[in-house]
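Geometric and topological summary
For reference, the chains in residue letters:
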Amino acid sequence: MKLSYQNADIFISTGGREFTADGDVLLFIHGSGQSHLTFMQQGRFFANRGWQVLNPDMPSHGHSGGVPLDDIGAMADWYAGLLEALGVSSATIIGHSQGCLVGLEMAKRYPEKVTKLCLIAGALAIPVNDALLDMAMNNPPAAYQAMVNWAHANDSHLYAHSWPGQTHIEFGTAVMESNDNQALFADLSACNQYHDGPDAAAAIMCPSLAILASHDKMTPAKAGKKMADALENCTLQIIEDAGHFLPSERPYEVNKHLRAFLA
């Protein structure tokens with residue numbers, strides 16, 4: 001569906017089902033250079049099992065217009081305002097990578113809006129290499145290729161995507177190419193400048209779930225474990241032989257862990 005919000009047309013995937021604000025709402029928050037496509041296999045899975053799904057493209061990502069946000073706090077405010085605009089009082093937040101930082105900050109700033117918090121391939125901080133920042137600003141296609149190669153485990157470089165006709169590398173590249181060229185640099189800059197993860201984690205009391213990948217080169221599992229340890233009420237799951245793009249690399253395992261937690 002499309003929503004006019006903060007002077008931009010925002011696209012929100014609802015998992016192929018009509019959205020109603022009075023159900024159990026899942027808000028998916030994608031990562032740097034990503035879009036709603038990150039969570040397509042989660043959104044459809046849960047929408048067809050009774051949950052109400054909101055899987056938005058952030059401004060200048062995917063099908064959304066507007067100017068890219070370059071601050072994690074501003075992103076948290078944007079998502080909280082989006083819930084209000086849709087008449088949603090509270091939701092379970094499911095974030096991937098950068099989306100974990102946004103989820104942490106949102107749960108700290110708006111605890112009444114966050115019933116549960118699911119953090120996939122995340123950490124309390126996500127520092128970004130200067131060379132990648134430079135590529136994202138001056139040569140976005142090179143940055144896309146570098147990130148897609150780095151973000152997938154070895155197996156995902158070899159075999160087909162779980163969607164028929166796709167490969168992980170080609171799919172990952174196509175997702176990044178669908179965004180505005182300025183979006184990735186804004187995202188990575190926001191991650192690089194965010195240092196409030198420990199304070200946010202210390203303030204969060206709602207149930208949480210951390211799903212990590214054993215072969216994650218972008219947010220290593222050891223950093224994710226520190227995040228899980230910092231949360232008061234967190235369940236930890238580690239998926240073996242997987243890389244950073246867990247929602248598309250290992251959708252069956254991710255959905256299994258999410259479903260158990262949401263139950």
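Rules of the game
Residues numbered from 1 in each chain as written. Predicted model: local features only at pLDDT ≥ 70, side-chain atom pairs only at ≥ 80, totals over all residues. Heavy atoms only, no water. Phe/Tyr/Trp six-rings, centres within 6.5 Å; stacked < 30°, edge-to-face > 60°. Helix = DSSP H or I, 4+ residues; strand = E, 2+ residues; numbered from the N terminus. Buried < 20%, exposed > 50% of the residue type's maximum accessible area, 1.4 Å probe, protein only. Contact = heavy atoms within 4.5 Å. 1 Å grid on protein atoms, 1.4 Å probe; cavity = no way out; pocket = protein on both sides within 12 Å on 5 of 7 lines; lining within 4 Å. Points joined across faces, edges and corners; volume = space filled by probe spheres on them. Nonpolar A, V, L, I, M, F, W, Y, C, P; charged D, E, K, R; others polar.

For the rest of this paragraph, the subject is the packing of aromatic side chains. Under the criterion given, the structure shown has five aromatic pairs. Taken together, a centroid distance of 4.9 Å and an interplanar angle of 45° make the contact between F28 and F39 tilted. Of the two residues, F28 is situated in strand β3 (residues 25-29) and F39 in the loop between β3 and α1 (40-47); the sequence distance between them amounts to 11 residues. For F28, a relative accessible area of 0% gives the class buried. Taken together, Y5, W78 and Y79 form an aromatic cluster joined through their ring pairs.

Moving on: the side chain of Q34. Here Q34 shows up in the loop between β3 and α1. Here Q34 is in contact with H61, V175, M176, N179 and F245, once residues within four sequence places are set aside.

Considering only enclosed or pocket space, the largest pocket measures out at about 450 Å³ in volume. Lining the largest pocket are 24 residues; nearest its centre among them are I126, P127, L132, W150 and M218. Mapped onto the lining of the largest pocket, the elements with two or more residues apiece are α5 (140-151) and α7 (183-193). The element best represented in the lining of the largest pocket is α5, accounting for three residues. Across the lining of the largest pocket, the residue classes tally to 15 nonpolar, eight polar and one charged.

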